[in-house]
Amino acid sequence: MAAEWIDLVDPSRDDIARVLDTPLPDGAMELLTTPARDGHAAVPILEGHGGCVLAVLARPVAARGKDRPDYLELDVLATPAKVVTVRKSGPGGVLPPVDGVAAQADAGAPAGRVFQAAIDDCADAFLELLDELYESIDDLEDEIDRLTGADVRRRITTLRNELLHARRASSATRGIARRIVDGRVDVGRSELFPPELENRFVDTYESLVRVTEELDVARDLLGGVRDFYQAKIAEQQNEVAKTLTVIAALVLVPSFIVGFYGQNFGGHFRDWYWSIGVSVGLIVATTAVQLVLFRRRRWI
């Protein structure tokens, strides 16, 4: 039986009550009507209320002018005959897309299939986010030699936080699909999720498992970039230390000669050719020998 699809944007309690056939618990109604908070992604959850199911989804959407995507909240309430999507405005009034839900509703799909399309769209959005994260990590690795230390640290921190957010949201969404596959959702005796539809949720679940695994790989890649950056810093510090050591070595021998001839000796050490000529010659000769030795050892 084709499901009736109703799309609401930032609804009130009265708006939701008008489109529902049965009343919802106060907790579920509060979830549907609480506005989205800027900078705080919704925690994906799944609740069963007799013959209806409520899912709160966090869908990543690329944001213009930002280093990280926005996680927009999409709530889906499904009964055997009706599907209600509640879209909450994100930063700048951006709304989560519902293309997959609209396509299934236009095709006359049953309510469970429309509900599954919403979760499947979220899984696809996480896969697209993965491609962006991989590209960002590759760009950082290519540009790390040209960026300043502050820029490298900022981008590593941003990517690390984004990986954590993506993993948290995708893991919770995977838990939603898993609960439906295992039949752990209280839908009473309704045929909201027949066995053939549960097989579709298996595909969605496997996609989200892949997302989780790929996020772990991306985290390892980012860790490799961080290790490379730390090795680069250590190498630069070694070069500075080596340069300072060479300079100190070049100054050490002349300092010894000058100190030696600065002592009060009698006899020939009072003659100018001993005190100036020989000391200057020794300084020049020893410095030249040191420079040749350091150059051969590639210290300078």
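Look up a bit, the structure's there.
Residues numbered from 1 in each chain as written. Predicted model: local features only at pLDDT ≥ 70, side-chain atom pairs only at ≥ 80, totals over all residues. Heavy atoms only, no water.

## With respect to the packing of aromatic side chains
Here comes step 1: By the definition in use, this model includes zero aromatic pairs.
Here comes step 2: Its end group placed over the ring of Y205, R178 keeps NZ or CZ at 5.2 Å from the ring centre. (Phe/Tyr/Trp six-rings, centres within 6.5 Å; stacked < 30°, edge-to-face > 60°. Lys NZ or Arg CZ within 6 Å of the ring centre and 35° of its normal.)

## Topic: the pattern of salt bridges
Here comes step 1: Under the counting rule described, the total for this entry stands at eleven salt bridges.
Here comes step 2: Linking D15 and R18 is a salt bridge whose minimum nitrogen-to-oxygen distance equals 2.4 Å. One end of the pair is D15 and the other is R18, both in helix α1 (residues 13–19) and three residues apart, which spans about a single turn.
Here comes step 3: Look at R18 and you get exposed, because its relative accessible area is 63%.
Here comes step 4: Measuring nitrogen to oxygen at the nearest pair gives 3.6 Å for the salt bridge that ties K232 to D145. Of this pair, K232 sits in helix α6 (residues 195–261) while D145 sits in the loop between α4 (111–143) and α5 (149–181); the two residues are 87 residues apart in sequence, bridging distant segments of the chain.
Here comes step 5: The class of K232 is buried, set by a relative accessible area of 17%.
Here comes step 6: If you follow the salt bridges from partner to partner, you end up with E73, D75 and K88 in one network. (Salt bridge = Lys/Arg side-chain N within 4 Å of Asp/Glu carboxyl O. Helix = DSSP H or I, 4+ residues; strand = E, 2+ residues; numbered from the N terminus. Buried < 20%, exposed > 50% of the residue type's maximum accessible area, 1.4 Å probe, protein only.)

## Let's talk about the sheet that holds strand β5 (residues 82–87)
Here comes step 1: Read across the open sheet, the five strands follow the order β1-β5-β4-β3-β2; overall the sheet is mixed. Either end of the sheet is taken by a strand with one partner, and the two such strands are β1 (4–9) and β2 (45–49). Taking the axes of each pair of neighbouring strands and ignoring which way they run, one obtains an average angle of 20° across the sheet.
Here comes step 2: Both β1 and β5 contribute to a ladder of six bridges, which runs parallel. (Pairing = 2+ DSSP bridges. Axes fitted to C-alpha atoms, helices over the stretch in contact; angles between N-to-C directions.)

## What about the packing of α4 against α5?
Here comes step 1: As a packed pair, α4 and α5 sit with axes 11 Å apart at the nearest point and diverge in direction by 160°. With respect to their mutual orientation, α4 and α5 come out roughly antiparallel. For α4 against α5, the interelement crossing comes out left-handed. On α5, the residues that touch F115, I119, F126, L129, L133, S136, I137, D139, L140 and E143 of α4 are R155, I156, L159, E162, L163, A166, A169, S170, T173, I176 and I180.
Here comes step 2: A class-by-class count of the residues in the contact of α4 with α5 yields 14 nonpolar, three polar and four charged. (Parallel < 35°, antiparallel > 145°, perpendicular 65-115°, else oblique. Left-handed = near helix turned anticlockwise from the far one by under 90°. Contact = heavy atoms within 4.5 Å. Nonpolar A, V, L, I, M, F, W, Y, C, P; charged D, E, K, R; others polar.)

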